[in-house]
Amino acid sequence: MSPPPAPRKTVGRPPRFSRQEVVDTARRLVDAEGVDRLTMRRLAAEIGSTPMALYHHVRNKEELLVLLLDDYAGRTLRRRELPADPRERVLAAAEAIHRALADCPWIVEVLTADDLMATSALWYVEQIVDGLIACGLTPEQAVHGYRSLWYYTAGEIVVRATAARRRADSDRATYREQVFAGLDPAELPRLARLGARWADLTAEDTYPAGLRALLTGLLARGAG
């Protein structure tokens, strides 16, 4: 009786890293250096491999960004119980998105391209659109309303993060502060009077109040 055939050996070297390791390393790079510095070559060097080896896990940078978005959303935007009242549900969902993204502005920079998205976060989009419809908007108006809420949310995060980054890079007065300090009260009386307080006033967290005002306007417009 002939012995059983020896097990067939796998040709080539086995992978040295997993897709999750790729995502984790990419996230560390983006957190440290920004999304613009993330390239397949840079990522491969950090992992200790070659760009060609990365393509066994991700096809290109766009797919890598989608994986990063889903990874982040899965960790920070878990489903939770929202208010039954549709208006309060819309507000709670929008505030949850804002809270999750405010600590990671580079995510917003990717999302503002309006093409890539985290599919795991779509549950919150569903809650906002459904809540707007339940408040009396048509499906088309609800989509437009969601877009307005998202633009307000994303814009607030990006502006605040960019301003904080510029202040951290220099201990001198910002250009705006220099301009406001020299305003002519005869030409711009309101701004000149508020100039000394402008930086403090604009640094206040007014997102929740602005969100409620925006939603009130959207619902009133829909009713009209």
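Only a predicted model underlies this, so the values are computations on that prediction, with no experimental measurement involved.

Visitor: Just to check I follow, could you spell out the packing of helix α1 (residues 19-33) against helix α2 (residues 40-47) for this structure?
Guide: At a minimum axis distance of 10 Å, the contact between α1 and α2 shows a crossing angle of 110°. Our classification of the angle between α1 and α2 gives roughly perpendicular. Where α1 crosses over α2, the two elements pack in a sense that is right-handed. Contacts between α1 and α2 pair V22, T25, A26, L29 and E33 from the former with R42, L43, E46 and I47 from the latter. Partitioned by chemical class, the residues of the contact of α1 with α2 number five nonpolar, one polar and three charged.

Visitor: Sorry, what's going on with the packing of aromatic side chains here?
Guide: Think of a pair of aromatic rings as described by two things: how far the centres are apart, and how the planes are tilted against each other in angle. Here the structure, examined in full by the defined rule, presents three aromatic pairs. Plain terms: the ring middles of W123 and Y124 are 5.0 Å apart, the flat faces sit at 90° to each other, and that makes the pair edge-to-face. Residue classification places Y124 among the buried residues on the basis of a relative accessible area of 1%.

Visitor: Could you clarify how one ought to interpret the packing of α1 against helix α4 (residues 61-76) in this entry?
Guide: Helix-helix packing is characterised by the crossing angle of the two axes and by the distance between the axes. Between α1 and α4, the shortest axis-to-axis distance is 10 Å and the interhelical angle comes to 85°. As judged from the angle between their axes, α1 and α4 are roughly perpendicular. Here R19, Q20, V22, V23, A26, R27 and V30 of α1 come into contact with α4, specifically with E63, L64, L67, L68, D71 and R75. Here the contact of α1 with α4 is built from residues that sort into seven nonpolar, one polar and five charged.

Visitor: Could you clarify how one ought to interpret the pattern of salt bridges in this entry?
Guide: Oppositely charged side chains can form a pair if their charged atoms are brought close together. Scanning the model with the defined rule gives eleven salt bridges in all. Residues D71 and R27 are paired through a salt bridge, measuring 2.7 Å at the closest nitrogen-oxygen approach. Taken as a pair, D71 in helix α4 and R27 in helix α1 lie far apart in primary sequence, 44 residues in all. Exposure class is identical for D71 and R27. Each is buried. Here R160 and E156 are joined by a salt bridge, their closest N and O atoms 2.9 Å apart. With R160 and E156 both in helix α8 (residues 139-169), this residue pair falls four residues apart, about one helical turn. With relative accessibility at 14%, the residue E156 sits in the buried group. Connected through shared salt-bridge partners, D24, R27, D71 and R75 make up one network.

Visitor: Can you walk me through α2 in this structure?
Guide: Residues lying three or four places apart along an α-helix face the same way, a consequence of the helix completing one turn every 3.6 residues. Burial in α2 covers these residues: M40, L43, A44 and I47. Each buried residue of α2 sits inside an arc of 100° when the element is viewed along its axis, so together they form one side. In α2, the exposed positions that point more than 90 degrees away from the buried face belong to R41 and A45. Packing partners of the buried residues in α2 comprise α1, α3 (51-54) and α4. Positive phi appears at G48, one or two residues downstream of α2, with a value of about 90°.

Visitor: Is there a simple way to explain the nonpolar core in this structure?
Guide: Where a protein is soluble and globular, its nonpolar side chains tend to be buried together. Core analysis: the largest hydrophobic core is formed by 56 residues, its most contacted members being L38, L43 and L101. Per element, the largest residue contribution to this core is nine residues, and it comes from helix α5 (residues 86-102). Both domains that meet at this core, namely domain 1 (9-58) and domain 2 (80-223), each give it at least three residues. Those residues in contact with L43 that lie beyond four places of it in its chain are V22, T25, A26, L29, L38, L54 and L64.

Quick notes on the rules
Residues numbered from 1 in each chain as written. Predicted model: local features only at pLDDT ≥ 70, side-chain atom pairs only at ≥ 80, totals over all residues. Heavy atoms only, no water. Axes fitted to C-alpha atoms, helices over the stretch in contact; angles between N-to-C directions. Helix = DSSP H or I, 4+ residues; strand = E, 2+ residues; numbered from the N terminus. Parallel < 35°, antiparallel > 145°, perpendicular 65-115°, else oblique. Left-handed = near helix turned anticlockwise from the far one by under 90°. Contact = heavy atoms within 4.5 Å. Nonpolar A, V, L, I, M, F, W, Y, C, P; charged D, E, K, R; others polar. Phe/Tyr/Trp six-rings, centres within 6.5 Å; stacked < 30°, edge-to-face > 60°. Buried < 20%, exposed > 50% of the residue type's maximum accessible area, 1.4 Å probe, protein only. Salt bridge = Lys/Arg side-chain N within 4 Å of Asp/Glu carboxyl O. Arc of directions from axis to C-beta. Core = buried A, V, L, I, M, F, W, Y, C linked by side-chain atoms within 4.5 Å. Domains from an automatic or database assignment.

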